[in-house]
Every structure is written in structure tokens, then in C-alpha cells.
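Observations on chain architecture
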Amino acid sequence: MAYKNFTVETDADGIALVTWNMPDKSMNVFTEEVMVELNAITDEVTADAAVKGVVFTSGKSSFSGGADLSMIKGMFSFYQAEKAKDASTAAQKLFDLVGKMSGLFRKIETAGKPWVSAINGTCMGGAFELSLACHGRVASNAKSVKIALPEVKVGIFPGAGGTQRVPRLTNAQDALQMMTTGSSLTASRAKAMGLVHQAVEPDQLIPAAKQMIKDGLKPVQPWDEKGFKAPGGGIWTPAAAQLWPAATAILRRETGGNYPGALAILKCVYEGLQVPFDTALRIEQRYFTQILQTTEAFSMIRSLFISMQELGKGARRPAGVPKSEFTRVAVVGAGFMGASIGYVTAAAGIPVTLIDRDQAAADKGKTVSEGLVQGSVQKGRMTKEEGEKLLSLITPTADYSAVKDADLVIEAVFEDRQVKKEVIEKVEAHMKEGAIFASNTSTLPITGLAKNSKRPADFIGVHFFSPVEKMMLTEVILGKETGDKALAVALDYVAAIKKTPIVVNDTRGFYVNRCVFRYIHEAYDMLFEGVPAAMIENVAKQSGMPVGPLSLNDEVAIDLSQKILKASIADLGEGAVDPKHMALVNKMVDELDRKGRKNGRGFYEYPAKPAKKFLWPGLKELFPQQKAEDVDPAIIRERLLTTIALEAARTMEEGIVTDPREADVGSILGFGFAPYTGGAISYIDGMGAKAFVAQCEKLAKSYGDHFQPTPLLKDLAEKGETFYQRFNPYPAEAKAA
Ligand code: NAD
């Protein structure tokens, strides 16, 4: 039989080689169609007496990325539609639907013929669960092979047998570690854990897989054999009695109890290991059905999986502008940011001209890349040759005329209007026709800067975050006169350096910094009220934030806070900032010389390594503290998350951010907003505008008018609408439906 996504070739030894190679896709993924075809292939090879066994592999350079977006999205919309029809049967129907993949894999492993999975590249999620259902697993030992069950990262868990097969192949501790973190394994690590049988040279992959069958591989899984015992002996052993209480405590410490998907993994493994395999699969299926009904899973999949991919693929790119090919990018200002922007550009294979005021400063910028390359080579992430090639792409110079070959010029000079004006004029004197100028300013409105330009349509903001090599977000800022071509080029560049863009209209602080400073300022208010600093920091982390607000302020620098507050006063008047906030940063910076991590003194003390930073004890004297037991952590949590979400809502109301996907993804990638919420806007949608407005009103009464809900929020609450309905990112789909 012919298949669209697979080929099946049976050799003289009766071994059927099933090759997964989806047309028109760069990566194999599970879709409805793939499942139907795989089911038919299973029937075909099972019925064909000439077939002795099956080797399953991929025809692409990677094996498979797991489930397709549309399939996951489909499960949520299926459940919503069923619930609307008949709420009493919807969960049962969802249960049956989510069991399909697991059922297919079980069919393969019990069909009576040996299957071997030949893993030739990235093998993620459902694809690894399929491999686990095969009786043999051989992985190529190429560096590109990464094996993982990463579902927990998007709020769900491996629900097609993964939580049952992994702990039946490796000890429970490693199994839990792998699945609750979603981390990747190399082929050799997977072999050491017992998850693959062999790790071989890439060219030996198919022969080795076939050999397993020729050597008489049994078409029965260990757990289907009589007397099977899980590695380590299962749940009722002294070792397990030590592991399980610790495992729940560790998970609580790592996730703050915020991730139902992660907790479900523990439940599946603990309960599943105590029962026969088919019952265990049903337990997994039951929890998977439950998790798919949580707000966390829905919001995380939407933001962290679907929206992130859509934005990465240029959801906001104007149609009709040809895709940009970058022959050269110029970075002007080779300081802290410019040097790293040069590095990520060269790492994407694009030649870079790095310009500074003199040759020495430009050369110094390049040394940053040299250091990063050296680190990567030492850690084995890059070969020496790759490192040399990357560095050869960076040309430091003080000669502005070198911008003439660049398709894009990124300016990262001092945050000073006059300096930027001079640089814009000097660059434009040499910039070629059609090239785009992007400013990395963090505070100066783009429209104002573009006034210095002779070609404002070609002028745009591309705002990076530090550390540039690690931060995945880039804000693309539109000035009033920015044209479509500039936006397209900026988005193509962000895609080329493999970062995720959000497109933002011009405003003070753009999107991310507006939200970040709300978070920090709420912590200032708490300090004034006498909330112990340690509580602020710890509750922030328990709420899902990666760092507490005071620690974050130390990182961004307290003197930068001071500069920004002063600039707001200068531009907008005294009323623009809270005088108590201004007084606090003035005291920290001017009186106490506490500027943050950069001078080793901020809200924290930074002793010499290996000692860890600790909260500055002087804070207690500056702000007499309440007793910890008099402070309600639930309120701290509400205040910190609400103040950010409210600011995100304001940016949408003001038309600064126009797409809720961008507000959500921007909040998670930009400052780690509690990822289990799906982002700052999904936090509101998740609880419903009505509940959020009530929460704001309650907080406003006790903690100030900055918590007052906005007209838009009140309107959404009244009409029972969500942000994703009001600012629908998929208008075409809504029309078609
Ligand atoms: P920096 O002081 O480390 O670097 C600025 C560089 O510009 C210096 O190397 C300086 O020699 C060079 N320079 C100054 N005038 C120049 C001129 N006329 N021609 C060529 N080079 C010139 O500053 P930074 O922290 O890298 O910030 C640069 C820009 O990036 C600023 O606009 C800042 O707001 C923005 N930004 C900074 C951060 C951050 O975390 N530091 C984050 C996002 C954006």
C-alpha cells in the first residue's frame, strides 16, 4: 500500500523498513493523518506473513518533534465544543480521544512482531513514546541526537505511555527527573539509563536495528512478561520509601505547586507502578484527560507552544515584502549590548561590521565574542573550527563608511539623544539605498529618534535584552513613520538570529520595561509598609517568577532605575513618578552607594564567590519590619502578579501591544512572568475579567489607586469577554467558522 507520510520497504530478510518522511514539512510530527497511516501500516505488516519484523525510522535529518500544534489545539477545541453540547459526557469523550495515540502504540507493542525504532536525530515527546513502545531502540550517537519528553514545559505531560514505560526501563528517580524537567538526553545518556538498547555510529543505525531483529528480538515487552519487576523493585521497597516523600518535596520546591502537569507525572508513576500495565495506561489516560481541562495546560500550550511558534514564524510580518537575505549587518556601538548583538548575528552566520568611536573600542567589542566562543568550545558546544569561522565574520572598525555594505544597521551607542542624533546622521551618510536603521534604545521613543533621520520609514526599534546571547525575546518598536519594509527586515533579522519578536508601538518603556518596573515598584511599596524583604523575594518565586523584584532591580541596576525615574520627571513632570520611589532610589544610589550587583551592593550583598548573595541587613533598619506572621503571602502574590497584568492590560488598551499573544509571550520571555499562567494577559483571561476586576478593586482599597481596574477591563468583565476574544489574533479563522 502507498502512504503519504511513510514508505514501507521489505528486504530479503523479511524486515520492513518504515520510513517517516512527511512531504512539505521540515520536521515529522504526529497528525491525525499520520496516526491513521501508522495504524494501517501496523495492520499491514502484522498481516503480512513475509514480514518478520519492522525497523521504524525517519527520512529527515531529525526523527520527530512529537505532536503537531493543530492536534493539540484540536483537543482543547474538541473538549470546549463537547462541553457546550453536553457537559456530562464531554470528559468521557475527551478521555476516549486522548487514548487514541496510547492505544495505537500499545497495539504496535502487542501485535506479535518485533519493532525496532532507529533514532537518527531529535526525538521528542510522542515520537519517543512511540519508540518506547517498540521492542528495540537504537540511537545514532551523532551530536544532533536529542531525546526528551518535554511536555511538562508546555503544561502537559507524556500521555501516550511515557509515564509508564520510562519508569519500567529506568529507576524511578531518573524517570521522574527526566519527565518533570523535560530535559534532553544524549544517545549515550539514554543508553546508560536503559532507555535505548544501543548507541551506534550514524551509518550503522539501520544495519544495527535490523540486526536486533535478525538476532531474534522478542516481540514482547519486559512488562508484558510474567514476573516483571520495575527497576529498583517498584513502589514497596525501602529505597522507594526514601524516594517518594523527597520527590514530592523537591517538586514542590521546584514548581511551587503551580504546575499541575508536573504533579500528574508523579501521580502517574506512583500509581501506575503498582498495577498491571494496561491498567497503568488507563491511569495515565485519566490524568491526561484531567490535565487537559486545566487552565494552566490550556494557557501554557497556547503561549509557550502555539503563539511562540507563530510569532517566531513571522505572524506579524507584513505580507508582500520579499524575504530579506542579510549579506552584512553593521552594529554601531561595540559596548555591553553592541558586542553581544555582534556575537548573536555572527552566530547566525551573518557577517558583521562592529563600529565604535576608535579602533581599540571596536576591538574590545570583538573580544566579547572571543570569550563567548572560547567558553562554548571548552564546553563542547562548538568545535574549534566553528568558533574560528564565527569570529572571522566579525570585523571591528572605527570607519563609519563600512556601513555601506550593510542591509541592516543596529545602533547601540550611549543612551543619549545627542550622541544618537550624531550617530544616525553619520550612519545615514553612508547607508545604502533600501538598508534599514534599527535603534536598540531602551528608553528613548523611536518616533523622536527618527526625527533625526532623513528616511524615517526605514527607521525602527529593535530592543534586545541582556544577556543578549541568552534572552530569547526581542521587542520590535514601530515609530509613527516606520514602514512595512523596515518591519519585515527587522522581523527577518530576529528570525535569523533565532529569537522571538514582539511588535510594539512606541511608548515610554515599550512593553517589557513598563511591566518590569511595576513589579519592582510594588516591591518598593511593600518595603515601605514593612513587609520583610525575604518574604517579598520568596513569595515572588513561589508565585512562579524566576527572580524576586529586589534581586531583579539589583540586576538591572538601581542607578538605571534612578535615571529612568529622573527622565520621566524631566519629560512628564513631577507627577509622573511616586516621590517615595524617587526618594528610595536616590537614597540607595547617592547616599548609600548601593547601585545593585554591578558595584556588589544593592538590595543584596554580594560576597566573594563561592559565598552566595544575601539580602542586605541594613534594609531592616531603613524599613522597620512587620512580623512575618502578620503578612499574608497570598496577598503579596496577588499584588505582584496583578500589578504586572494590569500594566499589560493598559498597554493593550492604549494600543501599544495589539496582539494578546505578544503580550503573553513577551511577558514570559522578557521577564519570566509566571509561565504556568500562560503570560500576563492569560493570567487575566484565565481567571476571567470579572474576577480580575474584583481582585483589582480589592487591592486598590488597601494598596493604592494604581490597582484601579481600567475601563477596558471593566467592559470585558461586564460583557464576559476575554482579551483573546476582543483582540482576536485569528480573525480569518473566526470568519471561516
Ligand atoms: P555601553 O556604554 O556599554 O556601550 C555603548 C558603546 O557605544 C560604547 O562602546 C561607546 O564607546 C560606543 N559609542 C558611544 N558613542 C559612539 C559613537 N559616536 N560612535 C560609535 N560608538 C559610540 O552601553 P550599553 O549598555 O551597551 O547600551 C547601549 C544601548 O543599548 C543604549 O541605547 C541602551 O539604552 C540600550 N540597551 C541597554 C541594555 C542594557 O541592559 N545595558 C538593554 C537594552 C538596551
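Residues numbered from 1 in each chain as written. Predicted model: local features only at pLDDT ≥ 70, side-chain atom pairs only at ≥ 80, totals over all residues. Heavy atoms only, no water.

**Observations regarding the overall build of the chain**
Let me state the cut-off plainly: Secondary structure follows DSSP: runs of H or I at least 4 residues long count as helices, runs of E at least 2 residues long count as strands, and numbering of each begins at the N terminus. The quantity called the radius of gyration is restricted to C-alpha atoms. Its globule counterpart is 2.2 Å times the number of residues to the power 0.38. Buried means the residue's accessible area, taken with a 1.4 Å probe over protein chains only, is under 20% of the maximum for its type, while exposed means over 50%, and partly exposed covers the values in between. A contact between two residues is defined here by any heavy atoms of the two lying within 4.5 Å. Here the accessible surface of atoms and residues is derived via Shrake-Rupley with a 1.4 Å probe, and residues count as covered only by protein chains that are part of the display. When charges are counted, Lys and Arg are positive and Asp and Glu negative, with His and the chain ends excluded. One atom stands in for each charge, and that atom is NZ of Lys, CZ of Arg, CG of Asp or CD of Glu.
In terms of regular secondary structure, the chain is built from 31 helices and 18 strands. Since a compact globule built from 737 residues should have a radius of gyration of about 27 Å, the 28 Å found for the chain is in line with a globular shape. In terms of its C-alpha atoms, the chain occupies a principal-axis envelope of roughly 85 × 65 × 60 Å. Counting only residues that meet the buried cut, the chain has 55% of its 737 residues in that class. Sequence-distant contacts in the chain: of pairs separated by 6 or more residues, those separated by 24 or more amount to 73%. Put simply, the chain shows about 31200 Å² of open surface, and 55% of that area lies on carbon and sulfur atoms. Side-chain charges of the chain comprise 86 positive and 86 negative groups, with the mean position of each set lying 3 Å from the other.

**Here's the deal with the pairing of strand 12 (residues 408-411)**
We count it as follows: At least two bridges found by DSSP between two strands are what make those strands a pair. By convention a crossover is right-handed if, when the strands point away from the viewer, the path from the first strand over the helix to the second runs clockwise.
The alternating pattern of strand 12 places Leu408 and Ile410 and Val409 and Glu411 on opposite faces, both of which are buried. Pairing analysis gives four bridges linking strand 9 (residues 329-332) to strand 12, with the strands arranged parallel. Directly across from Val329, in strand 12, lies its bridge partner Leu408. The parallel pair strand 12 and strand 13 (residues 436-439), bridged by helix 16 (residues 417-428), forms a crossover whose chirality is right-handed.

**Remarks on the packing of aromatic side chains**
Basically, it comes down to this: Stacked, tilted and edge-to-face are the three classes assigned to paired rings of Phe, Tyr and Trp, where Trp is represented by its six-membered ring and a pair needs centres within 6.5 Å; plane angles under 30 degrees give stacked, over 60 edge-to-face, the rest tilted. Charge-over-ring contacts are defined here by two conditions on Lys NZ or Arg CZ: a distance within 6 Å of the ring centre and an angle within 35 degrees of the ring normal.
Taken as a whole and judged by the stated rule, the model has 22 aromatic pairs. The interplanar angle of 80° and the centroid separation of 6.5 Å between the aromatic rings of Trp223 and Phe228 together place this pair among those described as edge-to-face. According to the relative accessible area criterion, Phe228 is partly exposed, its value standing at 27%. Look at Tyr683 and Phe692: their rings are 6.1 Å apart centre to centre, the planes differ by 85°, and that puts the pair in the edge-to-face class. Judged on exposure class, the residue Tyr683 and its partner Phe692 are both buried. Among the aromatic residues, ring-to-ring pairing joins Phe6, Trp20, Phe30, Phe56, Phe63, Phe105 and Trp115 into one connected group. Just above the ring of Tyr604 sits the side chain of Lys613; from NZ or CZ to the centre is 4.5 Å. Between the NZ or CZ atom of Arg639 and the centre of the ring of Tyr703, over which it lies, the distance is 3.9 Å.

**Description of the UniProt feature "domain: 3-hydroxyacyl-CoA dehydrogenase C-terminal" (unreviewed entry) in the chain**
Note the following rule: UniProt positions are given in the numbering used here, feature names are shortened, and annotations may be inferred rather than shown by experiment.
Sites flagged by UniProt as "domain: 3-hydroxyacyl-CoA dehydrogenase C-terminal" (unreviewed entry) map to residues 509-606. In this annotation, residues 509-606 is assigned 65% helix and 2% strand; the end-to-end C-alpha distance for the span is 28 Å.

**A short note on the site of the ligand**
For clarity, the cut-off: For each residue, the test is whether any non-hydrogen atom lies within 4 Å of the molecule or strand; if one does, the residue is near. Definition of a polar contact: a pair of N or O atoms within 3.5 Å, with one able to donate and the other able to accept a hydrogen when the atoms are protein atoms, and with sequence-neighbouring residues admitted only if both atoms are side-chain atoms.
Around the ligand sit 22 residues, and of these Asp356, Tyr400, Glu415, Lys420 and Ser442 come closest. Phe336 places a main-chain nitrogen or oxygen 2.9 Å from an oxygen atom of the ligand. Between the ligand and Asp356 there is a distance of 2.6 Å, counted from an oxygen atom to a side-chain nitrogen or oxygen. Protein chains shield 80% of the accessible area of the ligand, which is 820 Å² for the free molecule. If you list the elements that add at least two residues to the shell around the ligand, you get helix 13 (336-347) and helix 16. Looking at the shell around the ligand element by element, the count peaks at three residues for helix 16.

**Considerations on helix 28 (residues 689-703)**
Note the threshold: Take the number of residues in a helix, subtract one, and multiply by 1.5 Å to get its expected span. Each C-beta atom gives one direction from the helix axis, and the arc is the one those directions make.
Counted at 1.5 Å a residue, the expected span for helix 28 with its 15 residues is 21 Å, and the 20 Å between its end C-alpha atoms agrees. Residues Ala689, Phe692, Val693, Gln695, Cys696, Leu699 and Ala700 constitute the buried set of helix 28. Looking down the long axis of helix 28, one finds its buried residues gathered within 160° of arc, a one-sided arrangement. Away from its buried face by more than 90 degrees, helix 28 exposes Lys690, Lys701 and Ser702. Considering only its buried residues, helix 28 is in contact with helix 25 (633-653), helix 27 (680-687) and helix 29 (711-719).

**Section: the nonpolar core**
Inclusion rule: Here the nonpolar core consists of buried residues drawn from Ala, Val, Leu, Ile, Met, Phe, Trp, Tyr and Cys, with membership extended through side-chain atoms lying within 4.5 Å.
Phe30, Ile147, Tyr511 and Phe603 are the most contacted members of the largest nonpolar core, which totals 190 residues. The biggest single contributor to this core is helix 19 (residues 512-529), with 10 residues. When sequence neighbours within four positions are dropped, the list of residues in contact with Ile147 reads Ile119, Cys123, Phe128, Ala139, Ser183, Ser184, Leu185, Ala190 and Val196. The next biggest cluster of nonpolar side chains, apart from the first, holds 38 residues, and it includes Met382, Ile436, Tyr493 and Val503.

**Some details on the pairing of strand 2 (residues 15-20)**
Of all six residues making up strand 2, six are buried, and the element is well covered by its neighbours. Of the two faces of strand 2, the one carrying Ile15, Leu17 and Thr19 and the one carrying Ala16, Val18 and Trp20 are both buried. Bridge count between strand 1 (residues 6-10) and strand 2: five bridges; the pairing is antiparallel. Pairing of Thr7 across the sheet is with Thr19, part of strand 2. Hairpin geometry of strand 1 and strand 2 is characterised by an intervening segment of four residues between the two adjacent antiparallel strands and by a positive phi of about 80° at Gly14. Of the strand pairs in this sheet, strand 2 and strand 3 (residues 53-58) are connected by six bridges, and their pairing is parallel. Bridge pairing in strand 3 places Ile15 opposite Gly53.

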